[in-house]
Amino acid sequence: MTTPEDPRTAAPRGTAGPGRTTAPAPAGHGDPFVLAPPGHGDPLVLTTGLTTGLTTDSSRTPRTRLRLRRRTRSRPRTRPRVPSRLPRRAFAALALALLVTATGGSCGPGDRPAKHDGSTAFEPGTLRVLASSELADMAPVLEEARKATGITVRPTHAGTLDAVERIASGEAEKDFDAVWLSSNDYLRLRPDTARRITGETPVMTSPVALGVRPAALARLGGDPAKVTWSQLHRAVADGRLTYGMTDPKRSNSGLSALVSVASGLSGAQSALTGEDVRRAAPRLKEFFTGQKLTSGSSGWLATAYGRRPDVDALVNYESVLLSSFPAGELTVIRPSDGVVTADYPFTLLASARPEAKEAAGRLTAYLRTPDVQRRITETTLRRPVVAGVAPAPALARDQRRELPFPGSRSVADGLLDAYDNTLRRPSRTVYVLDTSGSMRGERLDRLKAALTELTGDFRDREEVTLMPFGSSVKRAEVRTHTVDPAAPKAALDAIGAGAAGLSASGGTAVYSSLQEAYRSLGRSPGDAFTSVVLMTDGENTDGDTADGFAAFHRSLPADQRRTPVFPILFGDSDRAELEGIAELTGGKLFDATGGSLEGAFEEIRGYQ
């Protein structure tokens, strides 16, 4: 049976039955949206080393629970990761977004939401909404909604999976009336989150698709409208296709892409099971050899892809692919055997006040009127959900089957864990750490604590180099460790010991130390995601200059120039200086001045 992706004709995933709730749709605005309960599928227990497939082991449990903490941490993490670089179209709306969010819900520096302290009290006529990052491009529509309905939407942008964790922990109830994520599929698998929401109303849709450059499209051959996931896998295995994709643990587009590939390559016809994933494992591993770019957010991935002509394709939302690149630059392929679609359901929290629930009803009724649906599809290039409203001209009209999502949380988490530790390419990262004299005391203590917190996040096969510097790189303290899947504790303990042994002295040689980081990565090239993380609390005072580093960077071979630097703004560091480094190397600046240093390190994980 084929389920079209167009929600005007598509049935919701699953069928109504005992234990299910239905959120009523506003009168005259389409069928009600059915909220599925947690799924019931086979438990999936994974071992490492999936070269030949996935196996079960009753003595182990999946190491994945959204954050996928694989080892015991020294203390709980205090700040969620929030990937949120936005598609190009969204930037045009930022000025208007400031008006919509003027009451304090906008993102702080570095695109991470400001830490809530209980000051976001309910205000009549205002909806406090925890929203997916890419919904910043809805600012013009929401401003029109404010004028038409008197309801102000105050969004705080977050990555979809991070938002799910905030709902599960109960944190969201303190500060928000509703959540507006790209999808609630993962949320529904978790009883601790499903019970905290009450009703959801889809507003628009966008499937995960591939944008392919002309040369790569020619190598694929055939009709783009008939390309299947199996054909894409074969092209990758034959060396004819490379691509970029977001990290499935940080971004819903990456999670949807992972589920799409697993469903497409396994041939699953209903909720994805552990056996489906095991059957597809060898082909999944082959498919992910083609991933050459990773990111914590859909928008930043599109920007990075624009800088990488050596990467053939981009896996992202259809709307991002169409809005981020000039017409004709990419051909958007929605595999003919099916897609996973984001339906952007506006979802009330069960804890919301009656006034907020009434306001949400008026807002969603307005957003689902035909005129506003036309405005949404024309503005965002997402698809309408109301019958009789045609998609924007840039959107193809042929329908696609909706691929099945995992039937249980254990299957979803097991698939995520397998991707992280066995399916994807490993990471190689140099942490360039300012341990100059100005770091002495509380700042150095914070750095040590953040690195200790981070050790539980390192993946199997990951290579981690700690490179402290002062007036120059402190070579006697530089150590490189690789996490052995068979015995990860040794490397993790060594990283922790290295962090604990850091000491402060000397000046601040930012640019010379970055050069040493590139040389370190260049000495042992491999098929890995490489990156440099720079943490400094001050301006460059020693060694080479910015111009000298720029000249050095230009002299590198092309493959080494593609290694991004992710600077962290901390203490008295110079924002302009660090932004220049990020821009030159294709990285991204992360701001720890208004929040936790460990939160910045954690957020960067989605880009490694």
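Residues numbered from 1 in each chain as written. Predicted model: local features only at pLDDT ≥ 70, side-chain atom pairs only at ≥ 80, totals over all residues. Heavy atoms only, no water.

Structural notes on the overall build of the protein chain
Reasoning step 1: When you go through the protein chain residue by residue, the secondary structure sums to 23 helices and 19 strands.
Reasoning step 2: Surface accessibility of the protein chain: about 21400 Å² in total, with carbon and sulfur atoms responsible for 53%. (Helix = DSSP H or I, 4+ residues; strand = E, 2+ residues; numbered from the N terminus. Areas by Shrake-Rupley, 256 points an atom, 1.4 Å probe, with all protein chains shown as cover.)

Focus on the packing of aromatic side chains
Reasoning step 1: Enumeration according to the criterion identifies 18 aromatic pairs in this entry.
Reasoning step 2: Taken together, a centroid distance of 5.0 Å and an interplanar angle of 85° make the contact between W300 and Y607 edge-to-face. Taken as a pair, W300 in helix α12 (residues 298–306) and Y607 in the segment after α23 (597–604) lie far apart in primary sequence, 307 residues in all. Comparing W300 with Y607 shows no difference in burial state: the two are buried.
Reasoning step 3: Their ring planes at 85° and their centres at 5.6 Å tell us that Y305 and F325 sit as a pair that is edge-to-face. (Phe/Tyr/Trp six-rings, centres within 6.5 Å; stacked < 30°, edge-to-face > 60°. Buried < 20%, exposed > 50% of the residue type's maximum accessible area, 1.4 Å probe, protein only.)

Topic: the side chain of Q291
Reasoning step 1: On the secondary structure map, Q291 appears in strand β9 (residues 291–295).
Reasoning step 2: Only 2.8 Å separates the side chain of Q291 from the side chain of Y419, close enough to count as a polar contact.
Reasoning step 3: Ignoring anything within four residues of it in the chain, the contact list for Q291 reads Y243, M245, Y419, R425 and F529. (Polar contact = N/O pair within 3.5 Å; in protein donor to acceptor, adjacent residues only side chain to side chain. Contact = heavy atoms within 4.5 Å.)

A few points about the pattern of salt bridges
Reasoning step 1: All chains considered together, the criterion is met by 45 salt bridges.
Reasoning step 2: A salt bridge links R250 to D457, with the nearest nitrogen and oxygen atoms 3.4 Å apart. On the criterion of sequence distance, the pair formed by R250 in the loop between β8 (243–246) and α10 (252–266) and D457 in the loop between α17 (442–454) and β15 (463–469) is long-range, its members being 207 residues apart.
Reasoning step 3: Owing to a relative accessible area of 3%, D457 belongs among the buried residues under this scheme.
Reasoning step 4: Taking the shortest distance from any N to any O, the salt bridge between D413 and R409 comes out at 3.1 Å. (Salt bridge = Lys/Arg side-chain N within 4 Å of Asp/Glu carboxyl O.)

With respect to unusual backbone geometry
Reasoning step 1: The backbone of Y344 sits at a positive phi, close to 45°, despite the residue not being glycine.
Reasoning step 2: Residue placement: Y344 occurs in the loop between β12 (341–342) and β13 (345–349).
Reasoning step 3: The buried category is assigned to Y344, whose relative accessible area is 0%.
Reasoning step 4: With a phi close to 60°, L381 is a non-glycine residue in the positive phi region.
Reasoning step 5: Looking at the element boundaries, L381 is found in the loop between α15 (370–380) and α16 (409–423).
Reasoning step 6: Note on L381: relative accessible area 8%, which makes it buried.

A word on the nonpolar core
Reasoning step 1: By size, the foremost hydrophobic cluster in this structure holds 128 residues, and its most contacted members are W180, L447 and F601.
Reasoning step 2: Excluding anything up to four places from it in sequence, L447 contacts L433, D434, M439, L502, M535, L597 and F601.
Reasoning step 3: Listed in part, the 21 residues of the second largest apolar core include V430, L534, V565 and L589. (Core = buried A, V, L, I, M, F, W, Y, C linked by side-chain atoms within 4.5 Å.)

Considering the sheet that holds strand β5 (residues 178–180)
Reasoning step 1: Spatially, the five strands line up as an open sheet ordered β4-β3-β5-β13-β6, and their pairing is mixed. Where the open sheet ends on each side, the last strands, each with one partner, are β4 (152–158) and β6 (197–202). Averaged over all neighbouring strand pairs, the angle between strand axes comes to 25°, with direction disregarded.
Reasoning step 2: Bridge count for strand β3 (residues 126–132) against β4 is seven bridges, and the pairing is parallel. Bridged to R128 within β4 is R154.
Reasoning step 3: Along the sheet, helix α4 (residues 160–169) contacts β3, β4, β5 and β13; its crossing angle with β3, the most-contacted strand, is approximately 125°. (Pairing = 2+ DSSP bridges. Axes fitted to C-alpha atoms, helices over the stretch in contact; angles between N-to-C directions.)

Overview of the environment of A360
Reasoning step 1: Tracing the backbone through its elements, the reader meets A360 in helix α14 (residues 354–367).
Reasoning step 2: For the pair A360 and V153, spaced 207 residues apart in sequence, the C-alpha separation works out to 9.6 Å.
Reasoning step 3: When residues no more than four places from it in sequence are discounted, the contact partners of A360 are L127, F346 and L348.

A few points about the environment of S472
Reasoning step 1: Tracing the backbone shows S472 in the loop between β15 and β16 (479–482).
Reasoning step 2: Between the C-alpha atom of S472 and that of D544, which follows or precedes it by 72 residues, the distance is 9.9 Å.
Reasoning step 3: Leave out the neighbours within four places in its chain, and S472 touches A509 and S513.

Some points on the environment of S436
Reasoning step 1: Summarising the element assignment, S436 is placed in the loop between β14 (427–434) and α17.
Reasoning step 2: With 100 residues separating them along the chain, S436 and T536 place their C-alpha atoms 8.8 Å apart.
Reasoning step 3: Apart from residues lying up to four places away in sequence, S436 is in contact with F469, G470, A504, S505, G506, G507, T508 and D537.
Reasoning step 4: Within polar-contact distance, the side chain of S436 engages the side chain of T508 at 3.5 Å.

A short note on helix α11 (residues 274–287)
Reasoning step 1: Taking 1.5 Å per residue, 14 residues should reach 20 Å; α11 reaches 19 Å between its end C-alpha atoms and fits that length.
Reasoning step 2: At A281, α11 shows its maximal bend, which comes to roughly 55°, and the proline P282 appears one to four places after that position.
Reasoning step 3: Among the residues of α11, those classed as buried are G274, D276, V277, R278, A280, A281, L284 and F287.
Reasoning step 4: Buried residues along α11 sit in contact with α9 (229–237), β8, α10, β9 and α16. (Expected span 1.5 Å × (residues − 1). Bend = angle between axes of the 7 residues up to and from the residue.)

Structural notes on the sheet that holds β16
Reasoning step 1: On the basis of which strands lie adjacent, the open sheet formed by six strands has the order β16-β15-β14-β17-β18-β19 and mixed pairing. Of all the strands in the sheet, just β16 and β19 (590–591) have a single pairing partner and so form its edges.
Reasoning step 2: Pairing analysis gives five bridges linking strand β17 (residues 529–536) to strand β18 (residues 565–569), with the strands arranged parallel. In the sheet register, L534 faces β18, and the bridge partner there is P567.
Reasoning step 3: On top of the sheet, α23 reaches β14, β17, β18 and β19; it is set at about 165° to β18, its chief contact.

Remarks on α12
Reasoning step 1: Counted residue by residue, α12 has seven buried out of nine residues, so it is predominantly covered.
Reasoning step 2: Within α12 the residues assigned to the buried category are S298, G299, W300, L301, A302, A304 and Y305.
Reasoning step 3: Of the residues that open α12, the one with a side-chain oxygen 3.4 Å from the backbone nitrogen of W300 is S297.

A word on the confidence of the model for the protein chain
Reasoning step 1: Overall, the prediction assigns the protein chain a mean pLDDT of 82, with 80% of residues at 70 or greater.
Reasoning step 2: Per-element mean pLDDT across the protein chain ranges from 28 in strand β2 (residues 33–35) up to 98 in α15.
Reasoning step 3: Confidence over residues 1–119 falls short of pLDDT 50; this stretch has 316 contacts with residues more than four positions distant or in other chains. (pLDDT = per-residue confidence, 0-100.)

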